[in-house]
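Topology and contacts: notes
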Amino acid sequence: MAFAWKASGLTYNKYLSVAARVVRRSLKDDKRLAAERRGEMELRFAKWNGGKQGENKSLAEANAASMAEAGSHSSS
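First things first, this report covers the structure right here in the doc. None of the values given here were measured: they were computed from a predicted structure. (Residues numbered from 1 in each chain as written. Predicted model: local features only at pLDDT ≥ 70, side-chain atom pairs only at ≥ 80, totals over all residues. Heavy atoms only, no water.)

With respect to the overall build of the protein chain
- In terms of regular secondary structure, the protein chain is built from 4 helices and 2 strands.
- When its helices and strands are written in sequence order, the protein chain yields α-α-α-β-β-α.
- Taking all 76 residues of the protein chain together, the buried fraction comes to 4%.
- Sequence-distant contacts, at least 24 apart, represent 0% of the contacts inside the protein chain between residues at least 6 apart.
- Surface exposure of the protein chain reaches about 6900 Å², of which carbon and sulfur atoms provide 55%. (Helix = DSSP H or I, 4+ residues; strand = E, 2+ residues; numbered from the N terminus. Buried < 20%, exposed > 50% of the residue type's maximum accessible area, 1.4 Å probe, protein only. Contact = heavy atoms within 4.5 Å. Areas by Shrake-Rupley, 256 points an atom, 1.4 Å probe, with all protein chains shown as cover.)

A word on the pairing of strand β1 (residues 44-49)
- Counting buried residues along β1, only 0 of its 6 residues qualify, which leaves the element largely exposed.
- Of the strand pairs in this sheet, β1 and strand β2 (residues 52-58) are connected by 5 bridges, and their pairing is antiparallel. In the sheet register, N49 faces β2, and the bridge partner there is K52.
- Here β1 hands over to β2 after 2 residues, with G50 in that stretch at a positive phi of 65 degrees. (Pairing = 2+ DSSP bridges.)

Side note on the packing of aromatic side chains
- As enumerated under the stated definition, the model contains 1 aromatic pair in all.
- A centroid spacing of 6.0 Å and a plane angle of 35 degrees characterise the contact between Y12 and Y15, whose relative ring orientation is tilted. Remark: Y15 and Y12 occur in helix α2 (residues 12-26); sequence separation between them is 3 residues, near one turn of the helix.
- What makes Y12 partly exposed here is its relative accessible area of 44%. (Phe/Tyr/Trp six-rings, centres within 6.5 Å; stacked < 30°, edge-to-face > 60°.)

Some words on the pattern of salt bridges
- In total, this model carries 1 salt bridge according to the counting rule given.
- Between D29 and R32 there is a salt bridge, with its nearest N and O atoms 3.0 Å apart. Here R32 and D29 lie together in helix α3 (residues 29-39), a separation of 3 residues that amounts to about one turn. (Salt bridge = Lys/Arg side-chain N within 4 Å of Asp/Glu carboxyl O.)

A look at the side chain of S58
- On the secondary structure map, S58 appears in strand β2.
- Note on S58: relative accessible area 6%, which makes it buried.
- In contact with S58, not counting residues within four places along its chain, are E42, L43, R44 and F45.

Next up, the structure:
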């Protein structure tokens, strides 16, 4: 018998993410807020050129800027 998350087409990481969100939402307000802060994540990246690390950038901000740039190019 397959696991329910696998049978529904979810990856294990996605299943864990959904389960963690459900648990966090079921907590009382004071505990829920602390748990939600722990669940937030900020990914950063840096471009390497010639063996030297470039500027660290937020992945979310870079994605938003890229999407805005792509949107402005497609409407031209």
